[in-house]
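Architecture and fold: a report
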Amino acid sequence: MIHSMVGSGSAAVGLTLAAWKEDEYRTMNTKNTSPRPMRHLLCISALLACASTYPQTYYVDANVATSGDGSIGAPFKTIADLNNAVGPISSGESVKLARGGEYPGTITVASGSQNVTIEAYGSGANPLILGTEDIAPSAWTHQGGGLWRINVVDANAQYHLYEGGGLNAVRREPARHPNVGYLRNETYTDGGATGTIELSPGTPLGSVDPIVAQLVCRTRNWQYEHVRVTGLNAQGGLEFQPSLGYDIGTDNWGLFLQGTFALIDQVGEWGTEDIPGTSNDHLYYYTGDLNNPPEGVAISRTERGVRIEAGFNNVTVRNVDFMGQYGAGVTFGQGTGLTIEGCTFNDLRRGIDDRSSSGGVGSGHTLMYNSFTNCHDYALLCKADNTTAEHNTFTQIGIQPEALRLAPNYPGNVFGSYGGASFTGHGYTFRYNLIEQVGNAALSLNGQGLVEYNTIRGALQTLNDAGAIQIDYCDGLELRTNIITEVGDNVGSLETTATEYDNYGAIFYGIYFGDHYIVNTRVDGNTVSDATKGIHVDHNLCSENAIVTNNILFNNDVQLSITDLSNYQDTYMVDDEGAPLPVGCIGDGSFGGMGAGANHRATYSDVYERNILYSLRTDQLCLELGQAWASGYAGTKPLVDFGTFDHNYYCNPFSKVTMGDRVSYNVTGVTQYLSAQVIPYTLEGWRSAKNEDHHSSTSPLHLKDYALTAETPTGINHDDDLDGGVANWTCTGCGSGAETTTVVNGTDLAL
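Residues numbered from 1 in each chain as written. Predicted model: local features only at pLDDT ≥ 70, side-chain atom pairs only at ≥ 80, totals over all residues. Heavy atoms only, no water.

A few words now on the sheet that holds strand β7 (residues 132-135). With antiparallel pairing, the four strands of this open sheet are ordered in space as β7-β21-β10-β11. Across the chains shown, the open sheet's two edge strands, defined by having one partner strand only, are β7 and β11 (170-172). Each strand of the sheet is rotated relative to its neighbour by a mean of 35 degrees, with strand direction disregarded. Inspection of the sheet shows β7 paired to strand β21 (residues 297-300) by four bridges, in the antiparallel sense. Note on β21: the bridge partner recorded for E133 is I299. (Pairing = 2+ DSSP bridges. Helix = DSSP H or I, 4+ residues; strand = E, 2+ residues; numbered from the N terminus. Axes fitted to C-alpha atoms, helices over the stretch in contact; angles between N-to-C directions.)

Structure below.
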C-alpha cells in the first residue's frame, strides 16, 4: 500500500525534486549541452522508490475538536478515524497517540509488516486504549425501583460493565447467586455435549431463574470451569452446555451462577436478558436511583487493543496503556523482534497474549517496564523463543473467578488459569520482575530458559495444588536467586474445594517440579518461605538431573520435598518439544497397585547440595522423601534413591527430627499415600540409613517449645518442659487461703 506523504516527508521529497530541477537547468546551460537521459531517469526512479517507502507517521489526539488528516498539525481524533483512513498499519509506518487521551478500539498491524511503532507523544499520562464502549445517559430507560435498561447488540457479548472513566473506572460485578458463599454439587451427570448438576439440599436454588446464566464451578484444586445454563431438569437440576472438562461425580465442589437479569437483587449489580427472535438484547443495571439514569457507564465490547498479525518483524508498542479488553491488551502471532515497553494493562482478561499457532512460534521479543494489574486470567502468555521479560510488575492477577466471564470469542467452556505469567519457548529470560497476589501460579514455565532475581509474594490465593513457580516439560531450565514468600490462602483456595476430593487440603508449593517431563533443571540460590513445601520435586519415569543447590528454605511445613508420585503418568508424556518419549519412560496410567512394580524406578541422578533447610516449628520437616511406588522395607521393591545429598544444613531448633520417608507400604490410591505415616530421622539416623549427607550438619541449638516468661499468679507448680498442658498443674496460695488447688484452665497464666 502506498500512502500520501505527510508532513516533513513530503517536504523533503519536494526539496529534492526542486534541487534536481535546478541542477538540470544549470547542466543545460553549460558548454557541454549533451543530454544525459539515463542519469536523469535513474534519479527519478530512485526518488519515486524513496517516496513510496518513506517512513509514514500517523498522529491521533483524542483532545482535538475535529478529526484531521493524521498529520501532526491535524491529527485523527479516534482510532476509528485512523482505521477508516489508513486500515491496518503496514511496514515502515508509525502511530503516535497523544498523551492524556482515551482511545476506544483496536489498532491492527498487518500481516508481514516490518519496522512498525505504536507509541505515545506529547506530555502527560500515557494514552489509554480502551476495550469499552460508553453508554449515554439518554440510552437508559427506567424499569422501576432504580433498575435501568438499555438495548444492545448481543447482550452475551458484554464482558464487563464499568462505572467511571479511564484507569480509575470501577468494574461492577454481574448479578450473582448466591450473593455470598456457594452452591454445592450433589451429583454431576456427563451427557457428552451437555452436563447436569443436582444441587446439594443444603444449598438449594430456590425461586431463582438460572436460564442463560453463566455457571462457574470448581472442578479440581487447580481449576474453575465456566459454562452456560440452558435449563432445569425435572428434579430442578442445572442443565448446561458444554459438559464439564472434569467429571466431579458426587463430590461437593462449590459453584455459583452469574450474569443473567433474573439474578439481580442488589444495588450495583447488572445482568442481561435475551430478546427472542432478535439480535438485540437487554442489559439491566440496578443503581437504586429512581430519577437519574446511570452516567459514566461503559461496557466491554472490544477483544484486543493492539492486534499484531503473524509474520511481523521489529514491531514496538511503547508507553501505551490498556483497559477493558475481553481478550487481551496486545495480541500477536508468529513473528520476530516485538518490543512492548512502559505499558500498563489493567482490568482485562489478559495483558499480553501470544497467539502463535502450533505450526510455529516467534523469537527475539523484549517485554520490559510494564505493569499488569487486575488481569482476570494470565497477565502474560508467551510462546516465543529467545524472549526477555524484565523489570515488570504483576499485581492482583486472577484473584476473582467471577471476573473471568464467557465472552463472544469464548463461547464454550472457559478454563481459567488465573496465573501471573506463562513461558513455553526456549532461550527465554525472565528477571527483575515483581509478582504479588496471584490466584494460581505466579510463573508457569515450560521449555528452556533462565529465571532469576524475581520477587514473588502471595501466589495461590484462589486455587491450590500448584507452585508459586511451576515447571513442566522442561529441558535445561535454570531458576536462580528468586525470592518467594507467603504462598497460599487457606480460605480463598479451599472454600470451594470438595472435602471428599482425594487431594483436599492446603497444597501450596514455593517451587514445584510438576508431574511431566523435566530433565536437566537447575534450582540454585533461591529463598522460599511460608509455603506448605518450599521446593517440591516430583518425578516420573523420565526424570533426570534435577540439581537443587544453595537454596535457603525456611518456615515451610516441609522445606524440601522429593517424591516419585507421578511415575504413573502416561497420557501427557512428551518431551519439551512435544515429541513422544520412549516406552520405558511411560507409566501404567493409574494409581492402582502401588508397590506392584509397574511404576517403580530404583534410582535417580539428582543432586541436592549446599542448601539451608530451616524449620521454625516442631512439626516442620527439613526434608521429606515421598516413596509412592516402593513396597516398604520388607517388600520386593526397595526405597528409591533419588540421588546425591551432601553439604546441606538441616535445622530445627525444637526437634532433632529433621527429615523423613513417606512410604506407601502397598496401599493403593493417592489418598492412602498422602496420609501414609512418615518415618522420622535425625541427621545421624538418616546418614546411617541412606549413606548420604556425610558432610552435612545440623543446628547445635536446641530449644523447648515454650518458655515461662512470667507467672500470674505466683506459686504455680508446672512441668519443666511446659509441654504437658495445664490440666494437672497446681497452684499454692492461688485461692482464698493457703491450700493447693488444681489449675483448671490457663486463663490466668502468662506464657
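Judged by pairing direction, the sheet is antiparallel, and its four strands sit side by side in the order β8-β9-β20-β19 without closing on themselves. For this open sheet the edge positions go to β8 (141-142) and β19 (270-273), each flanked by a neighbour on one side alone. Relative to strand β9 (residues 147-153), β8 is paired through two bridges, and the arrangement is antiparallel. Within the sheet, the bridge partner assigned to T141 lies in β9 and is R149.

This next bit is on a nonpolar patch on the surface. Together, I552, F554, I612 and L616 make up a nonpolar patch on the protein surface, roughly 290 Å² of accessible area in all. Along the chain, I612 falls in strand β51 (residues 612-614). (Patch = residues over 30% accessible without salt bridge, like charges linked within 9 Å, V, L, I, M, F, W, Y side chains within 5 Å. Areas by Shrake-Rupley, 256 points an atom, 1.4 Å probe, with all protein chains shown as cover. Salt bridge = Lys/Arg side-chain N within 4 Å of Asp/Glu carboxyl O.)

Counting residues in each nonpolar core, the largest one holds 94 residues, and the members touching the most others are I107, I308, F322, L445 and F513. No other element matches the five residues that strand β40 (residues 466-475) contributes to this core. The residues contacting I308, other than those within four sequence positions of it, are V109, V315, V317, V330, T331, F332, G333 and L338. (Core = buried A, V, L, I, M, F, W, Y, C linked by side-chain atoms within 4.5 Å. Buried < 20%, exposed > 50% of the residue type's maximum accessible area, 1.4 Å probe, protein only. Contact = heavy atoms within 4.5 Å.)

Applying the stated rule across the entire model yields 26 salt bridges. The partner of R176 in a salt bridge is E402, and the shortest N-O contact between them spans 3.4 Å. Of this pair, R176 sits in strand β12 (residues 176-177) while E402 sits in the loop between β33 (393-397) and β34 (414-416), and the two are 226 residues apart along the sequence. Relative accessible area serves as the criterion here: at 14%, E402 is assigned to the buried category. Notably, a salt bridge pairs D377 with R350, separated by 3.3 Å at the nearest N-O pair. Of this pair, D377 sits in the loop between β30 (371-373) and β31 (380-382) while R350 sits in strand β28 (residues 350-354), and the two are 27 residues apart along the sequence. The class for R350 is buried, based on a relative accessible area of 14%.

Time to look at helix α3 (residues 79-86). Residues of α3 that are buried: I79, L82 and V86. Seen end-on, α3 carries its buried residues on one side only, within an arc spanning 55 degrees. Opposite the packed face of α3, turned more than 90 degrees from it, sit the exposed residues N84 and A85. On its buried side, α3 packs onto β1 (56-60), β2 (93-98), β3 (102-104), β4 (107-109) and β6 (128-130). N-cap assignment for α3: the residue whose side-chain oxygen lies 3.4 Å from the backbone N of A80 is T78. (Arc of directions from axis to C-beta. Polar contact = N/O pair within 3.5 Å; in protein donor to acceptor, adjacent residues only side chain to side chain.)

What follows deals with the packing of aromatic side chains. Tallied over the full model, the rule gives 21 aromatic pairs. Pairing F394 with F430 gives two aromatic rings, centres 6.3 Å apart and planes at 40 degrees, and the pair type is tilted. One end of the pair, F394, is in strand β33; the other, F430, is in strand β36 (residues 426-431), and 36 residues separate them in sequence. An identical accessibility class is assigned to F394 and F430; each is buried. Their ring planes at 10 degrees and their centres at 5.4 Å tell us that Y432 and Y453 sit as a pair that is stacked. A residue pair is termed long-range when its members are at least 10 positions apart, and Y432 in the loop between β36 and β37 (434-438) and Y453 in the loop between β38 (443-452) and β39 (455-457) qualify at 21 residues. Among the residues examined, Y432 registers a relative accessible area of 40% and is labelled partly exposed. Classification of Y453 as partly exposed rests on a relative accessible area of 38%. Put simply, the rings of F322, F345, F372, F394, F423, Y428 and F430 pair up and form one aromatic cluster. Its end group placed over the ring of Y182, R176 keeps NZ or CZ at 5.0 Å from the ring centre. The ring of F256 has R176 lying over it, and the distance from NZ or CZ to the ring centre is 4.2 Å. (Phe/Tyr/Trp six-rings, centres within 6.5 Å; stacked < 30°, edge-to-face > 60°. Lys NZ or Arg CZ within 6 Å of the ring centre and 35° of its normal.)

A few words now on the side chain of E119. Tracing the backbone through its elements, the reader meets E119 in strand β5 (residues 114-121). On the accessibility criterion, E119 (14% relative accessible area) is buried. At 2.4 Å, the side chain of E119 and the side chain of K96 are in polar contact. Separated by 2.8 Å, the side chains of E119 and R318 make a polar contact. Contacts of E119, omitting those with residues within four sequence positions, involve V95, K96, L97, R318 and V320.

So, about the pairing of β5. For β5, the buried fraction is high: six of the eight residues fall into the buried class. In this structure, β2 lies alongside β5, joined through five bridges in parallel fashion. Of the residues in β5, the one forming a bridge with S94 is T117. With five bridges connecting them, β5 and strand β23 (residues 312-318) associate as parallel partners. Pairing of T117 across the sheet is with T316, part of β23.

Next up on the list: the environment of I340. For I340, the position within the fold is in strand β26 (residues 335-341). Separated by 28 residues in the primary sequence, I340 and M368 place their C-alpha atoms 6.6 Å from one another.

This part takes up the pairing of β28. By the criterion of burial, β28 is predominantly enclosed, with five of the five residues buried. As paired elements, strand β25 (residues 328-332) and β28 share four bridges and run parallel to each other. What sits directly across from A328, in β28, is R350. Sheet topology note: the β28/β31 ladder contains two bridges and is parallel. For I352, the partnering residue across the bridge sits in β31 and is L380.

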